[in-house]
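# Working through the structure, step by step
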Amino acid sequence: MIEIDWTAAMLGFAIGTVMGIVFFAGLAIGIRRALRTKTPVGILTLSAALRLAAFLSIGWVVVSQGGPWAGLGYGVAFLVVRFVATTLARSEAATGDAP
């Protein structure tokens, strides 16, 4: 039977939740700034590069320090935050409350 390290998984989940929130907050900031400039591609490219580099770097540290269960928790947390963020974005767009 596979032995699950719940402490590592929950630590990875907690760090992944924070990083997911930071990732999508950075996305929102990047989109807002890109819409106000004449060169949105440069802003969006820089935003994506910084967000991905931070997300993958922290993920690397989580896996190297906490092991595979921490990495799994990290990934699952990002997917949960992504689901929540996209659900909220869709509901705001449907009601017309988006800025």
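Since this is a predicted model, take the numbers as computed values, not measurements. (Residues numbered from 1 in each chain as written. Predicted model: local features only at pLDDT ≥ 70, side-chain atom pairs only at ≥ 80, totals over all residues. Heavy atoms only, no water.)

## A closer look at the overall build of the protein chain
The condition is simple: Helix and strand definitions follow DSSP, with helices as H or I runs of at least four residues and strands as E runs of at least two, each counted in order from the N terminus. The quantity called the radius of gyration is restricted to C-alpha atoms. Its globule counterpart is 2.2 Å times the number of residues to the power 0.38. Only protein chains enter the accessibility calculation, which uses a 1.4 Å probe; a residue is then buried when its area is under 20% of its type maximum, exposed when over 50%, and partly exposed in between.
Across its full length, the protein chain holds three helices and zero strands. Overall, the protein chain shows an N-to-C arrangement of helices and strands of α-α-α. At 16 Å, the protein chain has a C-alpha radius of gyration far larger than the 13 Å of a compact globule built from 99 residues. Each of the 99 residues in the protein chain was classed as buried or not, and the buried ones make up 24%.

## Comments concerning the nonpolar core
Threshold: Nonpolar cores were defined as sets of buried Ala, Val, Leu, Ile, Met, Phe, Trp, Tyr and Cys residues, with membership established by side-chain atoms within 4.5 Å. By definition, residues are in contact when any of their heavy atoms lie within 4.5 Å.
Grouped together as the largest cluster of nonpolar side chains are ten residues: A8, M19, F23, F24, F55, V62, A70, Y74, F78 and V81. Elements supplying a minimum of two residues to this core: α1 (6–35), α2 (40–66) and α3 (68–95). Dropping the residues within four chain positions of it, A70 is found in contact with A8, A9, G12 and V62.

## Examining a nonpolar patch on the surface
Note the following rule: A patch is a set of surface residues, each over 30% in relative accessible area and not in a salt bridge, joined within 9 Å for like charges and within 5 Å for the nonpolar side chains Val, Leu, Ile, Met, Phe, Trp and Tyr. For the area figures, the Shrake-Rupley method with a 1.4 Å probe applies, and any residue is considered shielded solely by the protein chains shown. Every case where a carboxyl oxygen of Asp or Glu lies within 4 Å of a side-chain nitrogen of Lys or Arg is listed as a salt bridge.
A surface patch of nonpolar side chains, amounting to about 540 Å² of accessible area, comprises L72, V76, V80, F83, V84 and L88. Relative to the helices and strands, V76 resides in helix α3.

## Notes on the packing of aromatic side chains
Filter applied, for reference: Side-chain rings of Phe, Tyr and Trp, where Trp is taken by its six-membered ring, are said to pair if the distance between their centres is within 6.5 Å; with planes under 30 degrees apart they count as stacked, over 60 as edge-to-face, and otherwise as tilted.
Under the defined criterion, the tally for this structure stands at six aromatic pairs. Between the aromatic rings of F24 and F78, the centroid separation amounts to 5.5 Å while the plane-to-plane angle is 20°, which identifies the pairing as stacked. Of this pair, F24 sits in helix α1 while F78 is found in helix α3, placing the two residues 54 residues apart along the sequence. Each member of the pair, F24 as well as F78, is classed as buried. Arranged with centres 4.5 Å apart and planes meeting at 50°, the rings of F55 and F78 form a pair that is tilted.

## What to know about α1
Think of an α-helix as turning once every 3.6 residues; residues three or four places apart then point the same way. Test applied: Between the first and last residue of a helix there are one fewer steps than residues, each counted as 1.5 Å, and that sum is the expected span.
The terminal C-alpha atoms of α1 lie 43 Å apart, and with 30 residues this matches the ideal 44 Å at 1.5 Å per residue to within 8%. Of all the residues in α1, the buried ones are A8, A9, G12, G16, M19, G20, F23, F24, G26, G30 and A34.

## Looking at α2
Taking 1.5 Å as the rise per residue, α2 with 27 residues should run 39 Å; its terminal C-alpha atoms sit 38 Å apart, in good agreement. Within α2, burial applies to S47, R51, F55, G59 and V62. The first or second residue beyond α2 is G67, which carries a positive phi of 95°.

## Let's talk about the side chain of S47
With respect to the helices, strands and loops of the structure, S47 is situated in helix α2. Dropping the residues within four chain positions of it, S47 is found in contact with G26 and G30.

## With respect to the confidence of the model for the protein chain
Put simply, the rule reads: Values of pLDDT, which run from 0 to 100, indicate the predictor's confidence residue by residue.
When pLDDT is averaged along the protein chain, the result is 92; 93% of the residues meet or exceed 70. Taken element by element, the protein chain is modelled with least confidence in α3, mean pLDDT 91, and with most confidence in α2, mean pLDDT 96.

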